[in-house]
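Residues per chain, in single letters:
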Amino acid sequence: MIKWVVNNLLYKHTPKCMCGYNMKPIIQMTTYSNYDYSWKCIWKKCGWEATQTFNGTLHWMKSK
């Protein structure tokens with residue numbers, strides 16, 4: 001039930017993490033960035049991040 005609420009109501013238009021939940025957007029404070037969009041997993045223990053470049057490619061990385 002919790003996964004359905006997170007995936008279908010809260011973060012409907014974000015990429016799906018490796019753990020099965022949708023990711024939350026990261027707000028970047030810089031004026032210039034190499035990445036257009038960035039997301040982070042909602043669970044700290046999972047630790048995956050995704051970024052999308054200008055051509056639409058998703059890049060996955062494990063946060064520290």
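We now turn to the structure provided with this report. Being a predicted model, the structure only gives us computed values, none of them experimental.

Criteria and cut-off values
- Residue indices follow the written sequence of each chain, beginning from 1 at its first position.
- At least 70 in pLDDT is required for a residue's local features to be given in this predicted model, at least 80 for side-chain atom pairs to be given and counted, and no such filter applies to totals for whole chains, interfaces and linings, which use all residues.
- As a convention, hydrogens and water are excluded, and side-chain values are obtained from all of the structure's heavy atoms.
- Aromatic pairs are defined between Phe, Tyr and Trp rings, using the six-membered ring for Trp, whenever the two ring centres lie within 6.5 Å; interplanar angles under 30 degrees are classed as stacked, those over 60 as edge-to-face, and all others as tilted.
- Counting from the N terminus, the helices are the DSSP runs of H or I reaching at least four residues and the strands are the DSSP runs of E reaching at least two.
- Any residue under 20% of the maximum accessible area for its type is buried, any over 50% is exposed, and the rest in between are partly exposed; the area is computed with a 1.4 Å probe on protein chains only.

## Looking at the packing of aromatic side chains
- For the structure shown, the criterion picks out 2 aromatic pairs.
- On the numbers, 5.5 Å between centres and 75 degrees between planes, the contact of Tyr-21 with Trp-43 is edge-to-face. Of the two residues, Tyr-21 is situated in the loop between helix H1 (2-10) and strand S1 (24-25) and Trp-43 in the loop between strand S2 (37-40) and strand S3 (48-52); the sequence distance between them amounts to 22 residues.
- A relative accessible area of 16% places Tyr-21 in the buried class.
- Classification of Trp-43 by relative accessible area gives partly exposed; the value is 43%.
- Taking 6.1 Å as the distance between ring centres and 20 degrees as the angle between the ring planes, the aromatic pair formed by Tyr-37 and Trp-39 counts as stacked.

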